[in-house]
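Given next are the chains, with one letter for each unit.
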Amino acid sequence: GGGVVVVGVALVLLRGIFVAPYRVPSAGMYPTHAPGSHIDVTRADRTPARGAIMIFRYPENPKQQLDQRVVALPGDVVQTRGAALTIDGWEVLCCEVGKYSYVDGDSVPPTHTGTLAVEWLGDQTYFVFHDEGVVANDFGPYTVEPGEYFVMGDNRENSYDSRMWRAGTGGGVPSAAVVGRVRDRKLTLPRGAEALRAALDACIAKKP
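Everything numeric here is computed off the predicted structure, so don't read it as measured data.

Conventions we followed
Residues numbered from 1 in each chain as written. Predicted model: local features only at pLDDT ≥ 70, side-chain atom pairs only at ≥ 80, totals over all residues. Heavy atoms only, no water. Helix = DSSP H or I, 4+ residues; strand = E, 2+ residues; numbered from the N terminus. Rg over C-alpha atoms; globule rule 2.2 N^0.38 Å. Buried < 20%, exposed > 50% of the residue type's maximum accessible area, 1.4 Å probe, protein only. Contact = heavy atoms within 4.5 Å. Areas by Shrake-Rupley, 256 points an atom, 1.4 Å probe, with all protein chains shown as cover. Disulfide = S-S within 2.5 Å.

*Asks:* Is there a simple way to explain the overall build of the protein in this structure?
*Replies:* What the protein contains, in helices and strands, is 3 helices and 14 strands. The C-alpha radius of gyration of the protein comes to 18 Å, within 12% of the 17 Å expected for a compact globule of 208 residues. Its C-alpha atoms give the protein principal-axis dimensions of roughly 60 × 40 × 40 Å. Split into buried and exposed, the 208 residues of the protein put 44% on the buried side. Taking the contacts inside the protein whose residues are at least 6 apart along the sequence as the reference set, 61% of them involve residues at least 24 apart. Here the protein has roughly 10700 Å² of accessible surface; of this, 57% comes from carbon and sulfur atoms.

Here it is as structure tokens:
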């Protein structure tokens, strides 16, 4: 009846207020988010936390929204040396799962081969990919400014993130630019990595 229709419309409106759809623009967060995929953003949760994926307005072009992972909070000192990420001198826990390749039709060359790894930060467990075809530039130490959050892509050598902003000197996301948080997902091997299941299980078993 009419009451059911009204309730249904109200629920749709509420969803639009608190949850928004987002289309992943690039492979910078692969393998967590594939380019072109659609994810839900919780607008009601705009408080960044280490390990959380946030949608935000890119500080150098506010019309563009990006999805990246928060790795450091205001006052934290961030540094990368090769594949290692350190925060306040503490190396973020990581376990190599194995060799992995994926194809990105928007890049040249399209095939990327490297190492799939599991990283633990905050209360999050997630994959990162290190591309053996790209030389990783060391970064930092960089102190995150007050009211800002340092973000990185999970596709570490193929992500234009906080490390590259401000002409390569580094920069954070102002809290006012945060749109919302991406809902946490279960750790799932990316397509084509099924043979790494045993290695992944071994990594998870070693988590401190």
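There's plenty left to go through after this.
*Asks:* So what exactly am I meant to see when it comes to the state of the cysteines here?
*Replies:* Simply put, the disulfide is a covalent bond whose two ends are the sulfur atoms of two cysteines. The final tally for this structure, using the stated rule, is 1 disulfide. Each sulfur of the disulfide joining Cys-95 and Cys-203 lies 2.0 Å from the other. Classification of the bridge connecting Cys-95 and Cys-203 rests on its S-S torsion, roughly -80 degrees, and on that basis the disulfide is left-handed. With Cys-95 in strand E8 (residues 93-103) and Cys-203 in helix H3 (residues 197-205), this pair connects stretches of sequence that are 108 residues apart. Cys-203 shares its class with Cys-95; the two are buried. Free cysteine Cys-94: the closest other cysteine sulfur is in Cys-95, separated by 7.2 Å.

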